[in-house]
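# Report on the structure
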Amino acid sequence: MTESTQRTHVVRVRDVTPHVRELVLAPLDRPLSFKPGQWVSLKLPVGDRPPLNRAYTMAEPASSSGELTLVFDRVPGGLGSGYLYSLHEGSEVYLSGPYGSFTLPDPPDKELVLIARYSGLVPFRCMLRQLFLSRGSGHPVLLIASAPQEEELLYHSELLSLACRCSEFRYLPLVFSPSTPPEAEVAAISKALRTILGQRRDFLPMICGIKAFVRPMRAFFTDELGFDRRQVRVETYD
């Protein structure tokens, strides 16, 4: 079956951190319906055999305007991110989707424990905005988000403000050195989770990041806390 592709144009560009950019696209053909946690595939006119396909998750829930807010970090020498960093208001971008099943239960039926490594925060930010902007989540939500530098914590002020306003939401930001290996990050986060959660299992764990982080993080829940593998929702972006 032929993949359905549509045109969009860039309506806004904003730097979220020194190395992460937000790109807002407006579909030109038809609105795109999606769930928080899903992603679209951008068709970029670069590389040896264009289009170059790159997947990006929405950072904002679906709205009446139909705009899509995507977030990406600059990868040194990266064809995709390098091209995206060259875009400006009015640039045209082709995409397909949405895709993916990394979404919340509807409605959430237990506490959520969300664990994000760097730009893995993006799908969780979309989920949190849908949960808390119009209503409470109905259950507690714990977000643990890590970054390689303090200024690279995505949407940090926004999340701090949400934690101050909403008693159901807890936010634990962690900063690691850029040279810290993923397994050391996992060990530190696992220690924090043992302190916060003990041996509880009455929550839904969701993890997003690179494979070298997500796989051992999921193993913490399955091997140490006794979760079934299918009870731990994961998404990777490499």
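Summary of the structure given here. The structure presented is a predicted model; accordingly, all values stated were derived computationally and were not measured.

Conventions we followed
- Residues numbered from 1 in each chain as written.
- Predicted model: local features only at pLDDT ≥ 70, side-chain atom pairs only at ≥ 80, totals over all residues.
- Heavy atoms only, no water.
- Core = buried A, V, L, I, M, F, W, Y, C linked by side-chain atoms within 4.5 Å.
- Buried < 20%, exposed > 50% of the residue type's maximum accessible area, 1.4 Å probe, protein only.
- Helix = DSSP H or I, 4+ residues; strand = E, 2+ residues; numbered from the N terminus.
- Contact = heavy atoms within 4.5 Å.
- Pairing = 2+ DSSP bridges.
- Axes fitted to C-alpha atoms, helices over the stretch in contact; angles between N-to-C directions.
- Left-handed = near helix turned anticlockwise from the far one by under 90°.
- Nonpolar A, V, L, I, M, F, W, Y, C, P; charged D, E, K, R; others polar.

### Focus on the nonpolar core
A general feature of soluble globular proteins is that nonpolar side chains tend to end up buried together. One finds Leu121, Phe124, Leu128, Leu143, Leu154 and Phe169 to be the most contacted residues of the largest nonpolar core, which totals 32 residues. Among the elements of the structure, strand E7 (111-117), helix H2 (121-133), strand E8 (141-147), helix H3 (156-165), strand E9 (169-175) and strand E10 (203-209) are those that each provide at least two residues to this core. Take this core: its biggest share by element is 7 residues, from H2. Not counting residues within four places of it along the chain, the set of residues in contact with leucine 143 comprises Leu114, Leu121, Phe124, Leu128, Leu159, Phe169, Arg170, Tyr171 and Leu172.

### Description of the pairing of strand E3 (residues 39-44)
For E3, the buried fraction is high: 5 of the 6 residues fall into the buried class. Looking at chain direction, E3 and strand E4 (residues 52-57) are connected through 6 bridges and run antiparallel. Note that in E4 the partner of tryptophan 39 across the bridge is threonine 57. The pairing of E3 with strand E6 (residues 92-99) spans 4 bridges and is classified as antiparallel. Among the inter-strand pairings, serine 41 is bridged to a residue of E6, identified as serine 96.

### Digging into the sheet that holds strand E2 (residues 20-27)
Read across the sheet, 6 strands follow the order E4-E3-E6-E1-E2-E5 without closing on themselves; strand pairing throughout is antiparallel. The open sheet has two edge strands, E4 and strand E5 (68-73), and neither has a second partner. Each adjacent strand pair in this sheet contributes to an overall mean axis angle of 40 degrees, direction not counted. Inspection of the sheet shows strand E1 (residues 5-17) paired to E2 by 8 bridges, in the antiparallel sense. Note that in E2 the partner of threonine 8 across the bridge is proline 27.

### Observations regarding the packing of helix H4 (residues 182-197) against helix H5 (residues 211-224)
Two numbers describe how H4 lies on H5: the axes approach to 9 Å, and their chain directions differ by 35 degrees. Seen along the crossing, H4 lies across H5 with a hand that is right-handed. On H5, the residues touching Pro182, Glu185, Val186, Ile189, Ser190, Leu193 and Arg194 of H4 are Ala212, Phe213, Pro216, Met217, Phe220, Phe221 and Glu224. Grouping the constituent residues of the contact of H4 with H5 by class yields 10 nonpolar, 1 polar and 3 charged.

### A look at the sheet that holds strand E11 (residues 233-236)
Reading across the sheet, the 5 strands line up as E9-E8-E7-E10-E11 and stay open at both edges, with parallel pairing between neighbours. Each edge of the sheet is formed by a strand with only one pairing partner; in this case those strands are E9 and E11. Strand after strand, the sheet turns through a mean of 10 degrees between neighbouring axes, direction not considered. Here 6 bridges tie E7 to E10, and the two strands are oriented parallel to one another. Bridge pairing links leucine 114 to methionine 206 in E10. Packing against the sheet, H4 makes contact with E7, E8, E9 and E10, and its axis sits at approximately 160 degrees to E7.

### What about the pairing of E1?
Each regular strand displays side chains that alternate between the two surfaces of the sheet. Here 5 bridges tie E1 to E6, and the two strands are oriented antiparallel to one another. When the sheet's bridge partners are listed, histidine 9 is paired in E6 with glutamate 92. Taking the residues between adjacent antiparallel strands as the criterion, E1 and E2 are bridged by 2 residues.

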